[in-house]
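As a plain string of letters, each chain reads:
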Amino acid sequence: MKKRVYSGIRATGRLHLGNYLGAVKGMLAVQEQYDCVFAVVDLHTITVPYDPKTLSQSVREIILDYLAAGLDPEKCLLEIQSRVPQHTELAYLLSTIYQVARLEDLPTYKEKKAQYPQYVNMGLLFYPVLMAADIMLYKGDFVPVGIDQEPHLEVTREIARKFNQMFGPTFPEPVRFKTPGEYVPSLAGSGKMSKSIEGSFINLTDDLETIKKRLASAPTDSGTAGGALPKEGGVANLFKMLQLFRADDVYKKYEQDYIAGKIRYSDLKHDLADVIFTELQPFQQRRKEFENNPKRVDEILEKSNEACRKEAEETMGEVRAKMGLV
Ligand code: ADP
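Remember, it's a predicted structure, so these values are computed and weren't measured experimentally.

What counts, and where the lines are drawn
Residues numbered from 1 in each chain as written. Predicted model: local features only at pLDDT ≥ 70, side-chain atom pairs only at ≥ 80, totals over all residues. Heavy atoms only, no water. Helix = DSSP H or I, 4+ residues; strand = E, 2+ residues; numbered from the N terminus. Rg over C-alpha atoms; globule rule 2.2 N^0.38 Å. Buried < 20%, exposed > 50% of the residue type's maximum accessible area, 1.4 Å probe, protein only. Contact = heavy atoms within 4.5 Å. Areas by Shrake-Rupley, 256 points an atom, 1.4 Å probe, with all protein chains shown as cover. Lys, Arg positive; Asp, Glu negative; His and termini not counted. Charge placed at Lys NZ, Arg CZ, Asp CG, Glu CD. Disulfide = S-S within 2.5 Å. Near = heavy atom within 4 Å. Polar contact = N/O pair within 3.5 Å; in protein donor to acceptor, adjacent residues only side chain to side chain. Nonpolar A, V, L, I, M, F, W, Y, C, P; charged D, E, K, R; others polar. Axes fitted to C-alpha atoms, helices over the stretch in contact; angles between N-to-C directions. Parallel < 35°, antiparallel > 145°, perpendicular 65-115°, else oblique. Left-handed = near helix turned anticlockwise from the far one by under 90°. Domains from an automatic or database assignment. Buried area = accessible area lost by both parts, 1.4 Å probe. Salt bridge = Lys/Arg side-chain N within 4 Å of Asp/Glu carboxyl O.

Asker: For the overall build of the protein chain, give the residues involved together with the corresponding values.
Answerer: Per the secondary structure count, the protein chain includes 13 helices and five strands. Computed over C-alpha atoms, the radius of gyration of the protein chain comes to 21 Å, within 12% of the 20 Å expected from 2.2 N^0.38 for 326 residues, which places it in the range of a compact globule. For the protein chain, the C-alpha atoms occupy an extent of roughly 75 × 45 × 40 Å along the three principal directions. Here the protein chain holds 326 residues, and 50% of them are scored as buried. Considering only contacts in the protein chain between residues 6 or more positions apart, those separated by 24 or more positions represent 77%. Accessible surface for the protein chain amounts to roughly 15,400 Å². Of this, 53% is attributable to carbon and sulfur atoms. Put simply, the protein chain has 43 plus and 45 minus side-chain charges, and the middle of one group is 1 Å from the middle of the other.

Asker: Describe in detail the state of the cysteines, supporting the description with residues and values.
Answerer: On inspection of all chains with the given rule, the structure shows zero disulfides. Unpaired in this structure, C76 has its nearest cysteine sulfur neighbour in C36, at a distance of 6.4 Å. Looking at the unpaired C308, the closest cysteine sulfur is the one in C76, lying at 9.6 Å.

Asker: Please set out the site of the ligand residue by residue, giving values where relevant.
Answerer: Every one of the 20 residues lining the ligand counts as a neighbour, but R10, H16, G146, D148 and K192 are closest to it. A distance of 2.7 Å is found between an oxygen atom of the ligand and a backbone nitrogen or oxygen belonging to G146. Here a nitrogen atom of the ligand sits 2.8 Å away from a polar atom, N or O, in the main chain of V184. Protein contacts shield 96% of the accessible area of the ligand, which totals 530 Å² for the unbound molecule. Among the elements that make up the shell around the ligand, the one with the highest residue count is helix α1 (residues 17–30) (four residues). For the shell around the ligand, the residue count by class is six nonpolar, nine polar and five charged.

Asker: Quick one: what's the story with the packing of helix α9 (residues 208–216) against helix α12 (residues 265–291), residue by residue and with numbers?
Answerer: Here α9 crosses α12 at 140 degrees, and the two axes come no closer than 9 Å. The angle between the axes of α9 and α12 places the two elements in the oblique class. In terms of crossing hand, the pair formed by α9 and α12 is right-handed. From α9, L208, I211, K212, L215 and A216 reach across to α12, where they touch K269, H270, L272, A273, D274, I276, F277 and L280. Looking at side-chain class alone, the contact of α9 with α12 contains nine nonpolar, one polar and three charged residues.

Asker: Requested: an account of the packing of helix α3 (residues 55–69) against α12, with residues and values cited.
Answerer: One way to put it is that α3 packs onto α12 with a least axis distance of 8 Å and a crossing angle of 125 degrees. With respect to their mutual orientation, α3 and α12 come out oblique. Between α3 and α12 lies a crossing of right-handed hand. In this structure, α3 uses E61, L64, D65, L67, A68 and A69 to contact α12, whose residues at the interface are F283, R286, R287, F290 and E291. Along the lines of polarity and charge, the residues of the contact of α3 with α12 split into six nonpolar, no polar and five charged.

Asker: Which residues make up the domain arrangement of the protein chain, and what values do they have?
Answerer: Parsing the protein chain into structural domains produces domain 1 (4–183 + 294–322) and domain 2 (208–287). Inter-centroid distance (C-alpha atoms) of domain 1 to domain 2 is 33 Å. Listed by partner, the interface residues are 15 residues for domain 1 and 11 residues for domain 2. Carbon and sulfur atoms supply 57% of the area buried between domain 1 and domain 2, which totals about 980 Å² over both sides. Area buried by domain 1 at its contact with domain 2 is led by L17, L21 and A68, which between them contribute 48% of it. At the surface where domain 1 touches domain 2, the tally comes to three salt bridges. Of the charged contacts, one joins D65 and R287 as a salt bridge, the two residues approaching to 2.7 Å between their closest N and O atoms. The interface formed by domain 1 and domain 2 includes six residue pairs in polar contact (both at pLDDT 80 or more). Broken down by secondary-structure element, the contributors of at least two residues to the side of domain 1 that touches domain 2 are α1 and α3. Classifying every residue of the side of domain 1 that touches domain 2 gives nine nonpolar, two polar and four charged.

This is the structure:
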């Protein structure tokens, strides 16, 4: 049997380089060889403050990003999570075999609690259980996501193991499908690139001018430091970006300038912007083609979600029977 893959992205904004290198690149690699479902996880999106009037457009933007990046509906299924109601049913069933204390202890839950103290809802606590259900609904073996998702995947494995022990072998224990860009740093100098941190990201739809502007505000140092390259901070992050985009010659040139204490960061940022934009150009062209053909996108979604519901229902039949719900 072919291995199965599931991965999803929240509809909280346009995709950025972190999403692309950490998740989408992995999706592109696995769609060639495995049975894959790639989702826009709108039910996860609504666990933080959002605007119901713009949600469906935000979902659409991610679908367009997926298609433009090269996810091929002939090779994989593109899912909108809320159109497959089995996700919530499975999540509820799985929640009955998992302990609350473990969820309260997860770093992502603690971060979100601190970020939105007025919006600490059940859905936020429940997030990792729904994520486990997302993956397990399709009996996923591999999950192409960034390294920040590892604690959630650990929860998924624990739930799968517990289910198998209690009700008989049913689910694989999924592992992360890793990419070289599993952690793309923030442009703001510390932490990861994230949609919710202003100044941290470059979007896949940004034009050259915007990329230059975003890089211009990235922090550096006086340019006279010399010695070995720093391991963290703004300068380290700019070099990491050059590495992630495989700009080896540009990297070497500026590394030598840094060591000699004569680096010009404006030049480095200019060259980095060119490198990034060159990689994004074909993506942006393809995205325009899909934007101009909404009917084709609707058809893809209709067909994909229908197939997803069918697969999901097969798993649910098995789960209900094993749990005695017949
Ligand atoms: P964000 O944090 O920007 O809101 P999501 O939480 O929606 O992004 O994550 C979508 C996918 O992108 C996940 O697989 C996540 O691991 C990956 N991802 C997000 N940010 C980064 C990053 N800076 N580096 C690598 N992967 C990332």
